[in-house]
Every structure is written in structure tokens, then in C-alpha cells.
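The primary structure of each chain is shown beneath.
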6 protein chains.
Amino acid sequence: MRLLVVNSNTSDSVTARIATTARDAARPGTEVAAVSAPFGLPLIVSRADWLVAGPATLAALAAAKGSYDAAVVACFGDPGVEAAKELFDVPVVGISEAAFHAAAMLGRRFGVVSFTAALRPMFEECLARNGLASRCSGFRMGPAFAGDPGRVAEERREMIVALCRAAVEEDGAEVVILGGGPLAGLAPAIAPSVAVPLVDGTVAAVRMAEALVGLAPPGQPRPRRARGLTGFEPGLTALFAG
Amino acid sequence: MRLLVVNSNTSDSVTARIATTARDAARPGTEVAAVSAPFGLPLIVSRADWLVAGPATLAALAAAKGSYDAAVVACFGDPGVEAAKELFDVPVVGISEAAFHAAAMLGRRFGVVSFTAALRPMFEECLARNGLASRCSGFRMGPAFAGDPGRVAEERREMIVALCRAAVEEDGAEVVILGGGPLAGLAPAIAPSVAVPLVDGTVAAVRMAEALVGLAPPGQPRPRRARGLTGFEPGLTALFAG
Amino acid sequence: MRLLVVNSNTSDSVTARIATTARDAARPGTEVAAVSAPFGLPLIVSRADWLVAGPATLAALAAAKGSYDAAVVACFGDPGVEAAKELFDVPVVGISEAAFHAAAMLGRRFGVVSFTAALRPMFEECLARNGLASRCSGFRMGPAFAGDPGRVAEERREMIVALCRAAVEEDGAEVVILGGGPLAGLAPAIAPSVAVPLVDGTVAAVRMAEALVGLAPPGQPRPRRARGLTGFEPGLTALFAG
Amino acid sequence: MRLLVVNSNTSDSVTARIATTARDAARPGTEVAAVSAPFGLPLIVSRADWLVAGPATLAALAAAKGSYDAAVVACFGDPGVEAAKELFDVPVVGISEAAFHAAAMLGRRFGVVSFTAALRPMFEECLARNGLASRCSGFRMGPAFAGDPGRVAEERREMIVALCRAAVEEDGAEVVILGGGPLAGLAPAIAPSVAVPLVDGTVAAVRMAEALVGLAPPGQPRPRRARGLTGFEPGLTALFAG
Amino acid sequence: MRLLVVNSNTSDSVTARIATTARDAARPGTEVAAVSAPFGLPLIVSRADWLVAGPATLAALAAAKGSYDAAVVACFGDPGVEAAKELFDVPVVGISEAAFHAAAMLGRRFGVVSFTAALRPMFEECLARNGLASRCSGFRMGPAFAGDPGRVAEERREMIVALCRAAVEEDGAEVVILGGGPLAGLAPAIAPSVAVPLVDGTVAAVRMAEALVGLAPPGQPRPRRARGLTGFEPGLTALFAG
Amino acid sequence: MRLLVVNSNTSDSVTARIATTARDAARPGTEVAAVSAPFGLPLIVSRADWLVAGPATLAALAAAKGSYDAAVVACFGDPGVEAAKELFDVPVVGISEAAFHAAAMLGRRFGVVSFTAALRPMFEECLARNGLASRCSGFRMGPAFAGDPGRVAEERREMIVALCRAAVEEDGAEVVILGGGPLAGLAPAIAPSVAVPLVDGTVAAVRMAEALVGLAPPGQPRPRRARGLTGFEPGLTALFAG
């Protein structure tokens, strides 16, 4: 199968890193293509960022339409993902929903660990939106971080391990989700120091996307009304035109 | 005070109708300006529509920045409103959140009535997102409607009155929200036939926006990071640039 | 318009302070009258206090019936407010419900800050009763306080600022409600030290009451059954008599 | 043990009926005394009624203080019960909370059946306030009833049986609560026609009150502050005086 | 009445201790018999333990069928209790559900205190399953404990008192449940040091079981289908055979 | 990979049917083995059935330990699945949890359709236990069914299609789960008549199990305490022995 991975921001270096993680996670026979958002922002932090990243994500999906059997949106908060599920006839999975659902199948209670308290509101809202708050044993986040996100996984590695252990021992987590892009790839490195499975969102999303292809008969074709979208680039406009 | 009313879709006839309702609802001394979204869709129905209407709403708000003391986003579902609260230093209120909050202060339990079941999922999600589901006594919607939305308030007037009465008598509603753009302006006409207050979203939003101006000291200025947004028109790009 | 502010306890000095805050918050053209409860308790702390303050609040509202277009009940916990909404044909707004609804329109997540942990249960129950718990980012309360409530805003000012900052930085609050009568009037003084809007219940209630006057057509007159109330003073008895 | 049953309204004929049910439900060795509210209303229907019935209930409890080991408040909605738990050193149980808790121990899912839809909002709010909504399989209520409440149990007996059966067969109720004063005493009569246990609130409250006497060591004496209550009769004033 | 107390594990020394507590809690006229599970595990800790303890509990109940009017399952987490409510025609009450319901009738908010954080997940899940999470003011647990459970009530007595006080003073608990088998019997000893009632699960369950006998008319006999259970001992097989 | 499918009841004919569905759903390279429960009941209907089916499911998993990389428990209600997640080092997925999680990734709101109202309580409880109730648009069940379950998919096919359409058109379902063993295999047959994807639990569980193998690094080995289980067959006893 052909899997498209969309990075919802415009930073190609991040896209390259995500592509590597996705290819490592994919099964033999899955071809992974990865693209950056064709427009938008270099980094997604706030709700406003999330909003403009949504059409950018849809545009990336529209541009490659027909070339993939499933797609992963690799940006915590899953911008554009609910809209994409309406607009595309193939499964589109966000990395945060995939992390929550996979964790919930690996254990009864999952903890969420990340390197900075600043991400907590976004994670909490995303969890609530997905409906799985009752499965979460709690959040464990580091203090404010002002350094280079690209190095935080290294600089705060000891702290992340300690937060994971607190999630397990004090909160009763049976699975831990490592949240936030900068921690991608950290799970295998620290797994020997933590007593429960560690879930990475990109890995989870690749696996869930593979699983959903062909899982459900799609039903009768949904009629699409032609809609006159203006102000966006041609691919997105064509998508709304039906 | 100066109030900007943004219609999140591109239909100027709808904008004109909303402007009339808003001006009627405003207090003396409130100047109302109304604008359509500068781009986007002529009608907002789905989650995908909602998503692209968000940046369009932000663009309308950005274009007039500095010319208003508060803004109302007049589109059920409140596209772009949460992002706008982050980006602008004046109150921005959506018509659905305003309807829910005003109704909750007018009575303990509010019902939601609209002319077609097709709107129910959007209303339910919007209510849940606002956190007020426990205050709602239930939804009462008419059957599928394939006619002209501009005439539904007239054609289904008897049905709407019957739905309002069922909300009161069977569900225990103490206030009823008339939901959906096509029912704007209907409240005063049918009020004599219904035993509880009837809330119109646009009216509620105008009043709430007026109330919020100056209600809370804004606190120290929030630092804005300059962000390089691409792919949108200049006003929105300037807004993200800080 | 004419606004009646009812202090649900019998302490006239508190009533005077509330009246000042209410007058400052009111729009030009709003005439503010303030009254103490005609009987009851000098201070409302417990659920039992809340219960006896309810009829006292209704009696104050009944005594002035016809002389106001809207009323504010200025006592955290909103004693008698739900009953008043049933009994009076004008809007009656409590300061806690107003604070919650206004904060929810100013930002996605609001924190609640007060000077003593002893108030937390009452605040939590009031929040839950209003249905907005999912919008609250958390409570930040000071330790037990045994001093003069009239001086706590001064004595614990630094602490309150620190609690507000923790609400913003650690809990992700985008708005902060300053709860509890003794903190009334503190918001403008500490606003320059806090990065988000600060909501005061009395101010919020005055603004919401103004907004609700005429917002919704009242519907057909509700039939009132004459009820033979005994054991209360004549005004309240007359109110139940229809 | 000595059990006081308080009817929160002033109708002595209702008190007599409740007393009979309570005596039948009590264990040997339990002495049951029953009193009407010393003031207030002849019937409790609305939230305003509930509010004024609260101090009346407290006054009844205060007047007999020292003469009972536990008390039952026999009025659906449990007026004054939360305040009474604060003010008295003996268990005070409301008939609605008792019905919910007893039903929840008799089966996983309980239905609530009553003779008129008009009671549904009050029942739903009371259930939510007690926190047990997730245990309820649903409400089944008859249509509006304009006849003599004293005869509804007889006139609508067939309907009540049908509603109980629907609760069991369609909603999966494993226990059914018969709600509303006019249905008191109906349970044994219709039990042979229904396949699950039927809970009557007064019976449940008598049993729960008996069970709570001495169940928990009371802890160190709670300090009571002397409070200057005015405007109520002497017994209630004395109660607040500590 | 005759009450059977089932210890869901196979440790007779624990059964003896539970029997003493139950006899002390029972009313005059209640005959208490206590039995261990006839098979299973010596200690119940995990969800897997809970699962195998369920049939063992049913087997104990089946073996004594006809010799008791109500039963208590004395194992936190209430293994087998929901199934027992289906299978037996007499009330069967678990100690955790009884503690939650009794505490909820003794006060508005109950805290849960135990000696080790390791029990928190099980307690939280049990509380959620019973539907009463909104009544809980919070958990206060000691740190990990590696010593002899039989001595923890003595060794950590000071800590337990401190946790109870924190539950009252910081969380607003009005009742405290002492959770976990090893704390059985501690309540009377520390009550003089705590300002609110202390609930012990075994005591609560005995009282609730007594109260439920005869509380609700059982309804028409439920038809039982004969079921061919294999792999369990004869008493349980006979129970499923109808 | 090697996948074990456990039918939690003892009916080999059902096991054979499940095995066929599972093999059809599996990817190339997945070897599917299917076994019946080694003891227990021929059909799982009630909570008591569910309870005894739990150890039987664990016994089946224990007997084949080491011969599979992941397991599916094919019985609605997922008996033993939470315990199995604790006891085994490979992913174990229940068909109901898999259906809920897969449906939640295919669309925002999923409906649940089955042939008889008798299954609704079990489905609702299972959904609540999994935490995903807020994602469900509602249940649509046929009336009581007394015929041969093996033929219900054929006999009620028109009804099931109508229920699916009502779920989509009236409740706003974007995905429909066909619940209950007797409907297995129906999805592809009726898909052309329904406008949204149709999820079958067994298919979903096979796909989810495949996806979870290797998804998360397992962390450091969990220490297992040797536990002396009695009264069960040797395989289960050995499992608890560590």
C-alpha cells in the first residue's frame, strides 16, 4: 500500500525526520511518501496556528490525491484531520488520535509525558476532543523550555525518564505516550529504563493507517456537492468543487 | 462603541440580513458594521467548510483591525472564533457560544430547536465544545429540508412553534434557542405562541459583545512572536507577523 | 435601565462596597440601587447559610418588585438565583454564574483564584452546578486564612498575583476569575502584573444583567398558580400568591 | 432507635400517609414520629418551592432536636437535606437520594418511572445532583396529568405497569424507582406484574436512615460558630446560634 | 436475619478478621457467617486477580445458597458482585460500593484515604464503575509500602491521620472512606483525631445489606435458563443450571 | 506474524465461523489459529456469563502461550481482555474495543446497530467502560428476537439496513458498527445500501492486533510475583505462578 505522510508545517527538515520514523514503523510492502505543507507556518503552537495549518494540510492531501491508499497527518493536535475524513475516500489518521487509540488498546490507563508544561493545554484539549480523557491517568510535563527543540530529547532525557517513572509509579499508568514532535524517536532509546510500553504518535499513526485500509466496506458513494471555494490555491479549490 | 459583525461566508445577501438583525439588537451608541468573508464559501455546512471559513473569518477581522471595539462572528459553529480570541485584543464572540451562555443565564434548562435534523450533529458538537451540554434539555429538529433556506422560516413556521412547545412541555425547557441562520428574525414573530423566552444567536452575540467590552482589565500586554505565514492574503499574514 | 443589586447577607457595609463596584461597572444610563437582605445572616459561608440566604434574597427582590429592569445577586454561590429566575419576569443574574459565563467568552480556559482553600468546595460545586467545569483549567487557592477578610486583599496581594501567574503558566489559564467577596475591586490593581484578563464577579454580573434586558422576547405570559406560603414576611408571601 | 420523618410541606393529610408507609418499612425497635413542615407551602413543585421548603424542613428538624437518632426528609427533591447534614449530628436522609442509592445497590441499571412528564426535569436534576446519572437506564413518564394526585396511582395503574415493563424490556432497567409522592404505596400492589424490584423512596429512606445510625464514628466534635440568624422562627434561629 | 460474609480470597486469617468486624457492625438479630473463597488466590491485587476471584466468590455464595438472607462480599473492588446480583434472589453488597453509597449519604463530598499509592488505580476504577466520581473530593494515599500489610495500620497510623486531615482541610472532604483491607478496624481508633465521620467498607456493607433485605418487592420471578457450565466446581455449575 | 483468535464460548461451530472471518480480514503473512474456550458456557449473554468466560478465555490464551504474536478475543463485551493485557507480553485485543477505536478513527461519530434491544445494555456498558461514549451518535436496535440467531442476519437484513440508514440520516452517524456475533459477515453484503463505512468487530480486531505488534517498545520486563492459584485447570494456574 501507498502511505502519504503530511507534515502540517512548512519545515522540510522536520518532514525529513518524520519520514524516517514513518518508514521505520511501516510494514514491508508499505511505500511511504512524505510532504511538507505547501503553505502555512514553520511551527504549529497555538489554536490560531492549528487553524491555518488545517487548510494547508488539506492542500497537501489534495495535491497528491490518487497517489496514496491512506494518509497520516504528522502534527500534534491533528489539524485538518476531521475535515480530511469528510473530504477524502481513504483513511486519514492524525498522530495524536492514533497515539490515544493505540495506547488505550495496549493498557487500561495511559499517561502522557512531554518536556514542557506549555504543551499541556493543547494535549488536554486534543484528548478531550477525542473522547478518551477517562482513560488517561494524568499528564507529567517538564518545566518551561526555552532552548532548541531539536536538542531537547537529548538535554532532558533524564527528566523524561523520571517523568515516565512517576506516571507509572504514582499515577498508575500502564502505557505512556511520549507527546510532542521533539520527542519523536526517543521511545526505543529510553524503553529499557521504563516498565511499561512507550507509544510514539508517528509510529502509532502509520500502523493505524495501515490497519484501516480495507477494514470497512466504504458503503455507497457519498454524493458531493460542487462548492465554489475562493481564496485558496487551486488544489484545495478543486477538492471542494467535488 | 464600534461593533464589527463578520459573516463567515461570502454571501452578501446573508450579510445584509445579519446586519439588520444586529443593528436592531444593538444598544444606542453602538455602531454596527457588517462584512462578508473576503474569501471562502457561499454557505458553511460541513466540518471541512467550517475549517476553511476559519481563516476567512480571521482575514475579515484582520482587514478591519483597529476600527472596532468588539466583534461578532455570525455563523453557527463559530468558525475561527477560538483563534480570534488568541489573536485580537478585543472581545470576539460567536453566535452559538453567545446563544448558549445567554440562554443558560435566562433559565436552568434550554432547548435547541431548528428546522432540519441535518443540523443536529453540528449543534451537538458545538454545544459539547462549549461545555454546556448538561444545561440542554434536548434538541427538537424538523425532518430533512430540501427547499429554499430563505423561505423555511415561513414555510415551517407552524412546525417550529410545535417543536418549541414540545421542548417546553415534554423536555422541560425553560428557554429555547432558535438555531440556524435561516431562522434569524423569527423569534419575535412566534414569541406570543411560546411560553418561554426565545433566544436568537445574533441578538445574543451583539449583546454579549457589548457587555464584554471593558469587563475585564486586559492584563499586561501579551508578547507576540513574529510568525512567517505564507499562502494567505496579506492581512492575515500581517496578523501572524505580530 | 434600572438595576437592583441584592447583597444576600445583612451586612450593610458589604452592600455599600458592592454598590460602588456595581456603579463603576455599569454603563451610562444604568441606574444602580443596592440593598441588603432584609433578614438572614451577616455572612454566607456554608450550604446551610446558602439555603437561608435564598428566601432572604427573594424577599429583597420582592420588596422592590417593579422598580428594576434586571437584578444582580451579589453573593458567591448565587443563593436564590434559580428560584428568582422562575418567579420574576426580569433577568436575575448571580455573580458566580456571570463570572463563569463571561470568562468562558473571553478565553477557552479560565482559572479560578482565591485567597483561601476553604472556599474551594463551594466554588467547585457552584461551577459544576453551572455546567462549565470542563472550561476550568484549575483552582489556585491560598492556605487557610484566619485574619480580617476586609484586609486580605491587601495582605495577600503578592500571593494572589503569584497564584494568578501559576494559573496562567502551569495550568494554561487564558482568563482568571478572582473569586470571593473580599477580592472585589482587586482586579484593576493587579492586572498590570498578570498576562491575562481578570474577571470580577460583580462587574461581570452587572454587564450580563444589562445585556440580558430585552435580549429574548419573553414569550406568552406564564400562568402563575396562587400558592399559600406561610412563615415568611409579607413580600415573599405576596410573591408566591401570584 | 427513634426516627423522625419530616414532610417538607404543610399538608397534614400527606404527612399521615407518609407516616404509615414509614412505619410499615421500619424495623422492629424503630419508633417513627412524623411531622409536617411548621410553615411553607402545601405542595412542593418548582425550584422556588423547593427553596422555601428548605428552611421549613430545617425548622421541623430543629424543633424536635434531641428526640430522634436519625431523620428522613420525605419530599422528592430532598429540600434542605444538604444543609441538614451540615447542621445536625445525626444522619438526615432524603427520599430521592435514598431511592437512588438503594436502587444502585440492588442492580446495575435503574429506571425511573412516574405518572407525568412534568416531574422529569426535577427528577433529572436531583439525579444529576446526586451524581448517579450514569446508573440510570432512562426515564419513563406518563403524559400531563390534570386530575386529583390522590387518585392517580389508581387511575393510571395500568399505565404505570406498562411504563415499568418498557423500562425493563426496552431500556434494560434491572430495578425501577417509582417516583413522586402520589405513587407511594403502589410498589407492593404492582410488583407481581413487573419482573424487577420496585423501589419506593420513603421505604428506601427509612431503611437507609436506620443503617446509617452508628455506621461511622463521628470524629471529633465539629466546632460551630454562633451565627446571628434573623427573620426565621426561634427554633431555626437557635440552630444557627450553635 | 442471616448474613453471609464472603472473603473473596482464600486466606482464612483474613476471613476471621473480617468476621469480627462484621459481627461488631451487625444489629442485634443479625446472624453473621463468614467464609473464605473455596478456591482462587490468597490475595487480590490486580485486574487478573479480580477476575479469577469472581467465580470463586460466586462459588462461595452458591455453596451456602438458602442459608442467608443477604450477603456481603468483603474484598475491595467487589469481585463477582455484579454477577451475583443477577444470579441470586437476595441482596449481595460489595464493601466498596457500600462505602461509596454510605459516604455519599453522610456528606456531600467524601475523600478516600489509604496507605499506599499502589491502590489508587483500583480505587479510582471502582469509584468510576459505581458512578460516584463526582462526589469524591480526592484521593490521599501514602507512598509505596513494602512491609507487612498486617502491621501497616499500626506503623502508618500517624500518616493516615495526617492524610485524613489533609482530605478535610485541603480537599473539603466531609466524610472520609478508609480504603483497603489492612485498614479495617482503624476507624474507631483514629476518629477522635479527625473532624469528620470515617467510613469502613465492611461496616458499611453489613449495614447496607441489612437495610436492603425486604426493601423492594422483588417483582415476578425471573425465568432462569438452564446453562451448561463446565470447568468449575459443582456448586457453581448447579447455579448456572438454574 | 501468528495470530490466535479465542472464541470465549465453547461452541466450536461459532469458532469456525469466526476463524473464517478472521482469515479473510488478515493480511498476507498473518497465520490465524482459532480456538474455543476450553471450558465455560456455550453462549455468553449476561454479566455472570461474562465473568465465568473471563478465566476460560485466559485459559485458552495460556494453553497456546508462545505460539502467537498477538491475540484477538472474539466475544462482544471482551471477557478477560483487561486481565489478559496484564498477564501476557503480547497484544490482546477484544472485538468490541477494536470496533469502537477503529470506528472512531474512520469518522467523528459512530452509530451502533444490532438486531435486538436485548443487547443494548451490554453494548452501552462496554462502550462506557472503553471511554468512548461521547463519540457515539446513538444505538439503533431491532425489537426482541426469539428465533435462531444463526439466521437472524438473513431474516432481519432489511431491518438492519433500515436501522443503519436511520443512524446515518437521523443521528448523524458517519460510521456504523454492526454489533453482535450473529451479524458477523453481514457488512460487505449490505454496504452497497448504506452511505457510510460499516465496521465488523472481528475484522477490526484482527487489523488492530496486527497493527499493535511491535508498535511500542515493551519497556523493561515486568517482574511477576508467583501466585498460588487454586481451583482452575493447570494452564491458568501456571500462568499465575509466573
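Residues numbered from 1 in each chain as written. Chains lettered and ligands numbered in written order. Predicted model: local features only at pLDDT ≥ 70, side-chain atom pairs only at ≥ 80, totals over all residues. Heavy atoms only, no water.

## Digging into the overall build of chain A
Step number 1: A tally of helices and strands in chain A yields 10 helices and eight strands.
Step number 2: For chain A, the C-alpha atoms occupy an extent of roughly 55 × 40 × 35 Å along the three principal directions.
Step number 3: Burial statistics for chain A: of 242 residues in total, 63% are counted as buried.
Step number 4: Partitioning the contacts of chain A with sequence separation of at least 6, the portion at a separation of at least 24 is 68%.
Step number 5: Each charge sign in chain A was given a centre, from 22 positive and 23 negative side chains, and these centres are 5 Å apart. (Helix = DSSP H or I, 4+ residues; strand = E, 2+ residues; numbered from the N terminus. Buried < 20%, exposed > 50% of the residue type's maximum accessible area, 1.4 Å probe, protein only. Contact = heavy atoms within 4.5 Å. Lys, Arg positive; Asp, Glu negative; His and termini not counted. Charge placed at Lys NZ, Arg CZ, Asp CG, Glu CD.)

## Some words on the interface of chain F and chain E
Step number 1: Taken together, the contacts link 32 residues of chain F with 33 residues of chain E.
Step number 2: For the pair chain F and chain E, the summed buried area comes to about 2600 Å², and 62% of that belongs to carbon and sulfur atoms.
Step number 3: At the junction of chain F and chain E, the tally comes to eight salt bridges.
Step number 4: Between D49 of chain F and R227 of chain E there is a salt bridge whose closest N-O contact spans 2.8 Å.
Step number 5: Taken together, the links from chain F to chain E amount to 14 residue pairs in polar contact (both at pLDDT 80 or more).
Step number 6: At nine residues, the largest contribution of residues to the side of chain F that touches chain E is made by helix α2 (residues 47-63) of chain F.
Step number 7: Residue classes in the side of chain F that touches chain E are distributed as 17 nonpolar, seven polar and eight charged. (Buried area = accessible area lost by both parts, 1.4 Å probe. Salt bridge = Lys/Arg side-chain N within 4 Å of Asp/Glu carboxyl O. Polar contact = N/O pair within 3.5 Å; in protein donor to acceptor, adjacent residues only side chain to side chain. Nonpolar A, V, L, I, M, F, W, Y, C, P; charged D, E, K, R; others polar.)

## Brief notes about the interface of chain C and chain B
Step number 1: Opposite the 47 residues of chain C that make contact, chain B presents 47 residues.
Step number 2: Both sides of the chain C and chain B interface together cover about 3800 Å² of buried area, and 59% of this is carbon and sulfur.
Step number 3: The largest per-residue losses of area from chain C upon contact with chain B belong to M105, L215 and Q220 of chain C, which jointly make up 18% of the total buried on that side.
Step number 4: Between R108 of chain C and E82 of chain B there is a salt bridge whose closest N-O contact spans 3.3 Å.
Step number 5: Taken together, the connections running from chain C to chain B amount to 23 residue pairs in polar contact (both at pLDDT 80 or more).
Step number 6: Class assignment of the residues belonging to the side of chain C that touches chain B gives a composition of 28 nonpolar, nine polar and 10 charged.

## Focus on the side chain of H101 of chain D
Step number 1: One can find H101 of chain D in helix α4 (residues 95-106).
Step number 2: Apart from residues lying up to four places away in sequence, H101 of chain D is in contact with N130 and L132 of chain D together with H101, A104, M105, L132 and R135 of chain E.

## Points about the sheet that holds strand β3 (residues 70-73) of chain C
Residues and elements named next belong to chain C.
Step number 1: Reading across the sheet, the four strands line up as β2-β1-β3-β4 and stay open at both edges, with parallel pairing between neighbours. Every interior strand has two partners, whereas the edge strands, β2 (31-36) and β4 (92-94), have only one. On average, each strand axis in the sheet is tilted by 20 degrees relative to the strand beside it, whichever way the strands run.
Step number 2: Bridge count for strand β1 (residues 2-7) against β2 is six bridges, and the pairing is parallel. Residue pairing across strands places N7 opposite S36, the latter belonging to β2.
Step number 3: Across the sheet, helix α2 (residues 47-63) is in contact with β1, β2, β3 and β4; its angle to β1 comes to roughly 150 degrees.
Step number 4: Across the face of the sheet, helix α4 (residues 95-106) comes into contact with β3 and β4 while running at roughly 80 degrees to β4. (Pairing = 2+ DSSP bridges. Axes fitted to C-alpha atoms, helices over the stretch in contact; angles between N-to-C directions.)

## What to know about the relation of the copies chain C and chain B
Step number 1: When chain C is fitted onto chain B, the two copies agree to an RMSD of 0.0 Å after a turn of 180 degrees and an axial shift of 0.0 Å. Such values leave the two copies arranged in the relation of a two-fold axis.
Step number 2: Both copies present the same face, since 100% of the interface residues in chain C are matched by interface residues at the equivalent positions in chain B. (Least-squares fit on C-alpha atoms with pLDDT ≥ 70 in both.)

## Examining the arrangement of the chains
Step number 1: Without any contact between them, chain A and chain D keep their closest C-alpha atoms 14 Å apart.
Step number 2: Contact between chain B and chain E is absent, and the minimum C-alpha spacing across the pair is 14 Å.

## Brief notes about the relation of the copies chain F and chain E
Copies of the same chain, two in number, are related to each other by a rotation about an axis and a translation along it.
Step number 1: Take chain F, turn it by 180 degrees, move it 0.0 Å along the axis, and it overlays chain E with an RMSD of 0.0 Å.
Step number 2: Looking at chain F, 100% of its interface residues are interface residues in chain E too, so the copies touch through the same face.

## A look at the nonpolar core
Step number 1: Counting 133 residues, the largest nonpolar core has F110 and M208 of chain D together with F110 and M208 of chain E as the members making the most contacts within it.
Step number 2: Not counting residues within four places of it along the chain, the set of residues in contact with F110 of chain D comprises F100, A103, A104, L127, L132, R135, C136, S137, G138, A173, V175 and I177 of chain D.
Step number 3: The next biggest cluster of nonpolar side chains, apart from the first, holds 132 residues, and it includes A74, L198 and M208 of chain B together with V199 of chain C. (Core = buried A, V, L, I, M, F, W, Y, C linked by side-chain atoms within 4.5 Å.)

## What about the domain arrangement of chain A?
All names here are of chain A.
Step number 1: For chain A, the domain assignment lists domain 1 (2-95 + 206-241) and domain 2 (97-201).
Step number 2: Here the C-alpha centre of domain 2 lies 24 Å away from the C-alpha centre of domain 1.
Step number 3: Domain 1 puts 15 residues into the contact, and the matching count from domain 2 is 17 residues.
Step number 4: Summed over both partners, the interface of domain 1 with domain 2 comes to about 1300 Å²; 55% of that surface belongs to carbon and sulfur atoms.
Step number 5: Contact with domain 2 buries surface across domain 1, with F76, I95 and M208 losing the most and accounting together for 44% of the total.
Step number 6: In this assembly, domain 1 and domain 2 are joined by seven residue pairs in polar contact (both at pLDDT 80 or more).
Step number 7: Going through the elements one at a time, α1 (12-25), α3 (81-87) and β4 (92-94) are the ones with two or more residues in the side of domain 1 that touches domain 2.
Step number 8: Taken together, the residues of the side of domain 1 that touches domain 2 sort by class into seven nonpolar, three polar and five charged. (Domains from an automatic or database assignment.)

## Quick look at the state of the cysteines
Step number 1: Inspection of every chain in the model, using the stated rule, returns zero disulfides over all chains.
Step number 2: Free of any disulfide, C75 of chain B has its nearest neighbouring cysteine sulfur in C126 of chain B, separated by 9.7 Å.
Step number 3: This cysteine, C164 of chain C, is not joined by any disulfide, and C136 of chain C carries the nearest cysteine sulfur, 13 Å off.
Step number 4: Given a relative accessible area of 0%, C164 of chain C falls into the buried group. (Disulfide = S-S within 2.5 Å.)

## A short note on helix α1 (residues 12-25) of chain C
Since there are 3.6 residues in each turn of an α-helix, residues three or four apart along the chain are aligned in direction.
Residue and element names in this part refer to chain C.
Step number 1: With 14 residues, α1 ought to run about 20 Å at 1.5 Å a step, and its terminal C-alpha atoms sit 20 Å apart, in line with that.
Step number 2: For α1, the complete set of buried residues consists of T15, I18, A19, T21, A22 and A25.
Step number 3: Those residues of α1 hidden inside the fold are in contact with β1, β2, β8 (198-200) and α9 (201-212). (Expected span 1.5 Å × (residues − 1).)

## Some details on the packing of aromatic side chains
Step number 1: Under the counting rule described, the total for this entry stands at 33 aromatic pairs over all chains.
Step number 2: With a centroid separation of 5.8 Å and 90 degrees between ring planes, the pair formed by F115 of chain B and F145 of chain B is classed as edge-to-face. On the criterion of sequence distance, the pair formed by F115 of chain B in the loop between β5 (110-114) and α5 (120-130) and F145 of chain B in the loop between β6 (136-141) and α6 (149-155) is long-range, its members being 30 residues apart.
Step number 3: Ring centres of F232 of chain E and F232 of chain F lie 5.8 Å apart, and the angle between their planes is 85 degrees; this geometry places the pair in the edge-to-face category. (Phe/Tyr/Trp six-rings, centres within 6.5 Å; stacked < 30°, edge-to-face > 60°.)

## Re the sheet that holds strand β6 (residues 136-141) of chain E
Residue and element names in this part refer to chain E.
Step number 1: Reading across from one edge, β6-β5-β7-β8 is the order of the four strands in this open sheet, with parallel pairing throughout. In the strand order of this sheet, the two ends are held by β6 and β8 (198-200), each with one partner. Here the strands of the sheet are splayed against their neighbours by 25 degrees on average, with no regard to which way each runs.
Step number 2: Bridge count between strand β7 (residues 175-178) and β8: three bridges; the pairing is parallel. For L178, the partnering residue across the bridge sits in β8 and is D200.
Step number 3: In the packing of helix α7 (residues 157-169) onto the sheet, the strands contacted are β5 (110-114), β6, β7 and β8, and the crossing angle to β5 comes to about 160 degrees.

## Side note on the environment of A64 of chain D
Step number 1: Structurally, A64 of chain D is set in the loop between α2 (47-63) and β3 (70-73).
Step number 2: Between the C-alpha atoms of A64 of chain D and P143 of chain D, which are 79 residues apart in sequence, the distance is 40 Å.

## Notes on the packing of helix α1 (residues 12-25) of chain E against helix α9 (residues 201-212) of chain E
All names here are of chain E.
Step number 1: Where α1 contacts α9, the axes come no closer than 9 Å and their chain directions differ by 50 degrees. Here α9 runs oblique to α1, going by the angle between their axes. Crossing angle aside, the handedness with which α1 passes α9 is right-handed. Here I18, T21, A22 and A25 of α1 come into contact with α9, specifically with T202, V203, V206 and R207.
Step number 2: Per-class residue counts for the contact of α1 with α9 are five nonpolar, two polar and one charged. (Parallel < 35°, antiparallel > 145°, perpendicular 65-115°, else oblique. Left-handed = near helix turned anticlockwise from the far one by under 90°.)

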